[in-house]
Structures are given as structure tokens and as C-alpha cells.
Amino acid sequence: MNTDERQHEGSVILLGPQSWHYADVTRTINELDIDGPIALVTAGWQENESDDSGLQKALDRPTINLSLHARSEGVADAEADFVAAWTLRQKHLRRLQEFYRIRLQSIDKAAGSIAVRHASSELLEEQLEISVSQLRHLDADHLQRCATIRERFDNDWPISSLPSLESQREEVAEELQACKALIITGGHVVAVLNRLRLFDVFATWDDRPIIGWSAGAMVLTERIVLFHDSPPFGTNLAQVLDTGFGLCPDLVALPDMSRRVHLDQKGPIGRFSRRMAPAHCLALDPGSRIRFEDGKMTAVEESARLDEDGQVNWGWTP
Amino acid sequence: MKLAIDQFLEGPKTKAAVDDFLDAHQFPLVQDDTITFVWRGEAEAVHLRHWIYGLGSSQGLSRMEGTDLWHQTLPLPSGSRVEYKFEIVRDGNGHWIRDPLNPHLARDPFGANSVAHGEDYSVPDWIHPDPQCPPGTYKVIDYHSDVLGHSPTRIYLPARFRESRDYPLLIVHDGEDYLRYASLGHILDNLMARREIPDMIVAFTDSTARLTEYANDERHAHFLTEELVPFMESEFPLRTQPQSRCLMGASFGAVAAFSTACRYPGFYGRLLLQSGSFAFTDIGEGNRRGPAFDPVVKFMNEFRAAPSAVSERVFVSCGMYESLIYENRSLIPLLKSTGMNVHFREARDGHNWENWRDRLREGLSWLFPGAFLMMYE
């Protein structure tokens, strides 16, 4: 169960990485004809959160940076016990992630090993289904465990027991009230996710447009999937991190996919696509744009879908 | 395609031809998975001295008839890196020199060697100081060990260090050599700034008697575990879980790291072992490497008889061109059999600091993955 999942009856637009001139986000804001202040969540930039002058300039509209990273530092100073408990929880979640990854690797290794056996295609297909099913089970189990830990934590630390956080949330809600659109930038995906949750940003946000890029797009989907086929330590298997806010259902967002994924490896791509089904695994490369209206995917530009047969389906549209 | 040296050997054997040949190429000549070493001068004999296990350690260069040019061509697979010197024999005496035609040097505690690269090898960019990556700070702790005596230790604090945060601890054997010859300071700065590893505190230790203290010496393990780590934890904001403690070392330093972890199973959750001198015997305890290895052989034989999961994640690297590749390759299945998570990297390189340097990014980021996987800009 995901307690964070929201419904949004308006426009949600997901983008890929933005260069210094922020062309896609600016074009999107112009097309949406946003004429009022825009709320910015730049928490993914962490300690550089306030370096938003380039973005402000490109948007050429009034903006209000919600400063969620700085606010969280303020809460940390004021609520020492809460932060100590939070830190312990994060350590526990990291440990769970490590154990989940160990299990994933052994299933994926077995799948790769079975796939090269000399057996009939029917038998191999049946075995692939078993492997995919095991991977899906692990993913779901991991998400459930993470959700349970978060839920327990939220019960242990009700907002009413945290006056500093409560007042910060009220301030954020007030700032959001004045805004016509919300932009969530890329950066550190956990930093974005946790700050949005901590300050309950979507609690008072109605159907006004939301634009997220890269990490900011990932958190708007149902599941956040970490992926990179060429990390500095060699190889890596895609892993679910946590649930997102679910504003963009049936989508796994893959920022900068063309650079991060070995697109010529049909076997792993096919397994990944089946593992994530029925969600579509879609690229958010520079220039990509995926639009949701009333919770439905309505338009996909400059993207590609990873298909179950391992093909990269460039130009796919819903 | 014919090798440049072969083409040259078919041509005129004159001083002018040799001058032209030397002017026209960079040396040693790397071509089609071969390397041709060249030396010019008068001598009774010229030998290539190298540290490539599998090739004879002394290869004679041939003199081109009628000239003072000496040459030798050897196989050099793509991605290789080799260190070497020439031995020039005059009046019956051999004198070792670096290659005067090759400006590239690899330094180590004994001086410097000439170094040559095969095709597809390049010096990693992440070993150099990067103005975008703020440097950490250092302080030297004049630590006095009850068991070892004076044990000065250099401490590295990350550029973003804050007292209110807690950090993993990395303990480096032969710390000053890692800093000087393997650029470990710059590498830490760069990998942390690029979020490939988390910010961490590093203790660079050194020994004045490494061949004894690093060879499964109880006193050394006691010093690290019962003295240094508690001291570090009292002085710095460190995480105290095993998975936040790492021991690393190369050669005998790797033996020191591994044997300490074996003496304190479960205390160090991460190990980075480079070209470990993990000598063992399958029968008897005698070894061909000399008495310094006797305690190592005894220790390794005991571990091989009853391997156990003394740590959680172990990164092992070794050069294919060093004799220890046999021992390191043999160790991997044993480590894996215990359930520990093991990552092994072989490189076309030898037993030297630049080999160890080039593996640090992979090793450190595998043992301590940074926020790299979380970053989606």
C-alpha cells in the first residue's frame, strides 16, 4: 500500500535533463501559459538548492523557491530526537536496500545462466517467466517493507509532536497557495522524495500544473527505479528504491536513459521491461517530454519505450 | 601491417638511417599488440629488465648489425601497462638505467621506472587534482601505540566535513605511499565531490617494520582494532557499524588488512585488498618466496583450511603480470564460498603503485557506493 499516492486532475509534465538554458521547461511553461508565480522545488540540488538564478532567468516569471532542503536543516536543528530517529530509519532502509539488491543479483544471475542453456524455446520462455515473476515479487516485497517502515515512523512521530516541522509545513502551504505551477528539478532523488514527503507538498496542491525533470519526474511516478548500466564499479542491476507520489501511473521514468543504459543488450532490457509491466519503461532523455492529463498519459515526445522483446522502441506514443 | 621496426631493419644500416628512425617515432614503439624497446649506444650487451610474470625477467636486446641500435619486440596486449629498465653491460658489469627515449616514469619508494602503455590504456582522469573538486584537509596524529610504540597517523577529513554528520572510516596501510605514489588524496577528493563514494574519514597508517608487522602480526591487529579505531571513534564523528569500517592495503599491506579482519571477524565490514601477498602451500609450509613469507603462508594455509565470512564485502584486485596473480585468483572462490560479497578485478599490469592507483575508483565505489546512483540531473 502506498500512502503517498495522489491523484491529479490537471497537467503533469515530465522532462529529461535540462541544460543550463532550461529550454524544455521554459517551453513547457510558455505553452501552459502560466502567468503567475511558479513554485520551485530544487531540493535535489541539496546544499546548492538556492543556486536557482539561471532557472529563474530562463522562466522569466516570478518564482518562489520553497527551500525545502534549507527548511529540513532548520527542522534538524530544532528537533534533535526526531532527526536522530529519522537517521536511524534511513540507515535501516539502506540496509534493506542492500539485502534486496543481493537477492536481486542472484535471481538475475540465475536468469542469465538459464537463458543460455540449450533447451527448447518454449521451455526457456517458461523459465524466463519464472525469473521475471521472482524479480517482481522481490520488488513488490521491498516496496512493501519500505512503506511499512515509513508508516511506523510516521505513527511514532505525528506532526502534532513536531512544532517546528508543523510551522514549516504551514509556511510551505501558504507559499504554494500563491503559485500557478510547481516545478520540481532533478538532482538527488532521495533528497527530493524525502523533502516533498517531509513538508507534505502535495497535501494542498490542487490540479494546478506540475512539471518535473529527471529526479523530479521520477518521484511523480508510482515506483522509483534506480538504474545505471555502467557505474564506476562495473555493472549494476536496476532496483526499485521506493514508491513515488503516483501522479503519473503505469510509467517507469528513466532519465538520461540513452546514456545510462546499454541499449544493445536485448536480454536484460527484455527482462527489465517484463519485470516492470504493465508500466511502460520510458526514456526521459534531453528533449523528451511526457504529458499526463487527469492521471492519463496523453502525449510522448522525443522518447523511447523499452519493449518486452528487448527492443528499444524509439518514437513510441501511447 | 608490418611493424615499424621490421621495416626499418630491412633498410640501410647507416648512422643517418638510425637518426631518422629515432626522430620519426616515439619509444617504445607500440603497434598491433606488440611493443618494441629500443636503446642506442655502445655496450657489450643490453637487457630489458621488467616485472612481467610469464615473460623471462631479462630479455636481451639485439644489436642491429653495423649500428649502435639495440631492439627487442615483445607481445603487449591491449590495455597493458608495463614498467621496465634497461641493463647496460659494459666491461662485464651491468648497470640499470631508465629508457632515455621514453619520458614517462612510474615512481615508487625505490625510485622510478620507465613505463609503457599498450593500446587502449590511458591514465585515468580522476587521479589528477580537479578545480571543481574541493580538497579534503589533513592532520597528523602523533599516536603512541601501547603495542607498537610510535605510530604517527595522517588523518583525512572530507572537504564537506561537518561535526554534526557521521562518516565511514577507511584505514589505509602504507598510507604515505598511497598518497605519494597512488594519488589517493586526489582520488578521494574527486570521487567524493563527484558523489561516487560518500564522504569518509581516512586514516593513513605506516609501519617501520612492515614485513613483520603486516605479516599476520597479532600486535598490528591489536593496534588497529583495540587502539586506533577506538581512538578515532572518540575523536571524530564516525559510524560504528562494521559496514562503515574498511581496511585496505596492497601487497603485504593487503595481508595486514585481511589478517586483521580474520583476527577480528565481523568488526571490519569492508576490505580492499590489492595484489595481496597471499602465499600458501598445498603441502608443507615451505615456500619459495623467503622467510618473510613464512607467517603469511601459515596464516593463509589456516584460512584456506577453514574459510569463514570475516567481513561483508571484499574487493580484490591483482595484476595479471605479477606472480601473485596465482595466489589471488585462488583466493577468490574461497572468499565467495563463505557468503561474503566479493568483487575481483584483474588488470594487465604488474605489482606496482600505478596498478593499485588505477583500481581505486572501482574498488572504493563498489565498497562504498556514493549517491551516484541517486543522481538524476
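Basis of the calculations
Residues numbered from 1 in each chain as written. Chains lettered and ligands numbered in written order. Predicted model: local features only at pLDDT ≥ 70, side-chain atom pairs only at ≥ 80, totals over all residues. Heavy atoms only, no water. Helix = DSSP H or I, 4+ residues; strand = E, 2+ residues; numbered from the N terminus. Rg over C-alpha atoms; globule rule 2.2 N^0.38 Å. Buried < 20%, exposed > 50% of the residue type's maximum accessible area, 1.4 Å probe, protein only. Contact = heavy atoms within 4.5 Å. Areas by Shrake-Rupley, 256 points an atom, 1.4 Å probe, with all protein chains shown as cover. Lys, Arg positive; Asp, Glu negative; His and termini not counted. Charge placed at Lys NZ, Arg CZ, Asp CG, Glu CD. Buried area = accessible area lost by both parts, 1.4 Å probe. Salt bridge = Lys/Arg side-chain N within 4 Å of Asp/Glu carboxyl O. Polar contact = N/O pair within 3.5 Å; in protein donor to acceptor, adjacent residues only side chain to side chain. Pairing = 2+ DSSP bridges. Axes fitted to C-alpha atoms, helices over the stretch in contact; angles between N-to-C directions. Parallel < 35°, antiparallel > 145°, perpendicular 65-115°, else oblique. Nonpolar A, V, L, I, M, F, W, Y, C, P; charged D, E, K, R; others polar. 1 Å grid on protein atoms, 1.4 Å probe; cavity = no way out; pocket = protein on both sides within 12 Å on 5 of 7 lines; lining within 4 Å. Points joined across faces, edges and corners; volume = space filled by probe spheres on them. Domains from an automatic or database assignment. Core = buried A, V, L, I, M, F, W, Y, C linked by side-chain atoms within 4.5 Å. Expected span 1.5 Å × (residues − 1). Arc of directions from axis to C-beta. Phe/Tyr/Trp six-rings, centres within 6.5 Å; stacked < 30°, edge-to-face > 60°.

Helix and strand counts for chain A come out as 10 helices and 14 strands. Relative to its length of 318 residues, chain A is compact, with a C-alpha radius of gyration of 20 Å against a globular reference of 20 Å. Considering chain A as a whole, with its 318 residues, one finds that 55% of them fall into the buried category. Put simply, of all contacts in chain A between residues at least 6 apart along the chain, 76% involve residues at least 24 apart. Approximately 13900 Å² of chain A is accessible, and the part contributed by carbon and sulfur atoms is 49%. Taking the average location of the 33 positive side-chain charges in chain A and that of its 49 negative ones, the two points are 6 Å from each other.

The subject of this paragraph is the interface of chain B and chain A. Each partner contributes to the interface: chain B provides 26 residues, whereas chain A provides 31 residues. At the boundary of chain B with chain A, total buried surface from both sides reaches about 2200 Å², with 52% on carbon and sulfur atoms. Summed over the three residues of chain B that lose the most area to chain A, namely L373, M374 and Y376 of chain B, the buried surface amounts to 35% of that side. Across the chain B-chain A interface, the total number found is six salt bridges. A salt bridge links E312 of chain B to R95 of chain A; the shortest N-O distance between them is 2.6 Å. Counting every contact that joins chain B to chain A gives 11 residue pairs in polar contact (both at pLDDT 80 or more).

Residues and elements named next belong to chain B. The strand order β11-β14-β16-β15-β17-β18-β19-β20 describes an open sheet built from eight strands, whose pairing is mixed. Strand pairing shows two members of the sheet lacking a second neighbour, β11 (137-141) and β20 (341-347), which therefore form its edges. The average angle at which neighbouring strand axes cross in this sheet is 15°, direction not considered. Strand direction decides the pairing type here: strand β17 (residues 245-250) and strand β18 (residues 270-274), joined by five bridges, are parallel. The residue of β18 that forms the bridge with A250 is Q274. Against the sheet, helix α4 (residues 184-193) makes contact with β11, β14 (153-157), β15 (169-172), β16 (201-204) and β17, and its axis sits at roughly 20° relative to β14, the strand it touches most. Contacting β19 (313-319) and β20, helix α9 (residues 325-337) runs over the sheet at an angle of about 160° to β20.

All names here are of chain A. When you line up the elements, E49 lands in the loop between β2 (38-41) and α2 (53-59). Despite its burial, E49 remains without a salt bridge, the nearest opposite charge being carried by R195 at 6.9 Å. Within the local environment of E49, its side chain forms a polar contact with the backbone nitrogen of A70, the two atoms lying 3.0 Å apart. Once residues lying within four places of it in the same chain are set aside, the contact partners of E49 are T42, A43, N65, S67, L68, H69 and A70.

Residue and element names in this part refer to chain A. At a closest axis distance of 5 Å, the pairing of helix α3 (residues 68-78) and helix α4 (residues 80-115) adopts a crossing angle of 115°. Judged by the angle between their axes, α3 and α4 are roughly perpendicular. Here V75, A76 and A78 of α3 lie close against α4, whose contacting residues are A80, F82 and V83. Of the residues that constitute the contact of α3 with α4, the class distribution is six nonpolar, no polar and no charged.

Moving on, we get to the pattern of salt bridges. Per the stated rule, a full pass over the model turns up 49 salt bridges over all chains. The shortest N-O distance in the salt bridge between R162 of chain B and E73 of chain A comes to 3.3 Å. Of this pair, R162 of chain B sits in the loop between β14 and β15 while E73 of chain A sits in helix α3, on two different chains. On the accessibility criterion, R162 of chain B (38% relative accessible area) is partly exposed.

This paragraph deals with the layout of surface pockets. Where empty space is left can be seen by rolling a probe of water-molecule size over the atoms. Residues and elements named next belong to chain B. The computed volume of the second largest pocket comes to approximately 810 Å³. Lining the second largest pocket are 33 residues, with D108, F110, H351, N352 and W356 positioned closest to its centre. Take the lining of the second largest pocket: its biggest share by element is four residues, from strand β7 (residues 81-90). Considering only residue class, the lining of the second largest pocket consists of 15 nonpolar, eight polar and 10 charged. Domain assignment of the residues forming the lining of the second largest pocket places at least three in each of domain 1 (4-117) and domain 2 (125-370).

Counting 77 residues, the largest nonpolar core has L14, L182, V189, L196, F202 and L220 of chain A as the members making the most contacts within it. The dominant element in this core, judged by the number of residues it contributes, is helix α7 (residues 189-198) of chain A, at six residues. Both domains that furnish three or more residues to this core are identified here as domain 1 (11-69 + 165-314) and domain 2 (78-156) of chain A. Those residues within four positions of L14 of chain A in sequence are excluded, and the remaining contacts are G212, A217, L220, T221, C248, L251, L284, S288, R289, I290 and F292 of chain A. By size, the runner-up hydrophobic cluster in this structure holds 48 residues, among which are A257, C262, Y268 and V342 of chain B.

Here we come to the environment of A254 of chain B. All names here are of chain B. Looking at the secondary structure, you find A254 in helix α7 (residues 252-263). Exposure remark for A254: the relative accessible area of 0% places this residue in the buried category. Taking the C-alpha atoms as reference, A254 lies 13 Å from G363; in sequence the two are 109 residues apart. Setting aside anything within four residues of it in sequence, one finds A254 in contact with G249, L273, Q274, G276 and F278.

What follows is about helix α6 (residues 163-177) of chain A. Three or four residues apart is the spacing at which side chains of an α-helix point the same way, because the helix has 3.6 residues per turn. All names here are of chain A. For α6, with 15 residues, the first-to-last C-alpha span of 21 Å sits near the 21 Å given by 1.5 Å per residue. Turning to α6, its buried residues number three or more, namely S164, L165, Q168, V172 and L176. Viewed end-on, α6 has its buried residues packed into an arc of 105°, placing them on one side of the element. Exposed side of α6, more than 90 degrees from the buried face: P163, E170, E174 and Q177 are the residues found there. Close packing links the buried residues of α6 with β2, α3, α4, β4 (181-184) and α7.

Our focus in this paragraph is the packing of aromatic side chains. Tallying each qualifying case throughout the model produces 27 aromatic pairs over all chains. Ring plane angle 40° and centroid distance 6.4 Å describe the contact between Y138 of chain B and F204 of chain B, whose orientation is recorded as tilted. Taken together, the residues Y138 of chain B in strand β11 and F204 of chain B in strand β16 connect sequence positions 66 residues apart. For the ring pair F161 of chain B and Y167 of chain B, a centre distance of 5.4 Å and an interplane angle of 25° mean the geometry is stacked. On the accessibility criterion, F161 of chain B (21% relative accessible area) is partly exposed. Site record: aromatic cluster; members linked through ring pairs are F82, W86, F153 and W157 of chain A.

Attention now goes to the domain arrangement of chain A. All names here are of chain A. Parsing chain A into structural domains produces domain 1 (11-69 + 165-314) and domain 2 (78-156). Inter-centroid distance (C-alpha atoms) of domain 1 to domain 2 is 22 Å. Where domain 1 abuts domain 2, roughly 1900 Å² becomes buried across the two surfaces, and 55% of that area is made up of carbon and sulfur atoms. Sorting the residues of domain 1 by area buried against domain 2 places R271, R274 and R275 first, and these three jointly supply 37% of that buried surface. The interface formed by domain 1 and domain 2 includes five salt bridges. The residue R275 makes a salt bridge to D139 at a minimum N-O spacing of 2.7 Å. Sorting the residues of the side of domain 1 that touches domain 2 by element identifies α7, β8 (239-243) and α10 (266-276) as the ones contributing at least two each. Broken down by element, the residue count for the side of domain 1 that touches domain 2 peaks at five residues, all from β8. Taken together, the residues that form the side of domain 1 that touches domain 2 break down as nine nonpolar, three polar and six charged.

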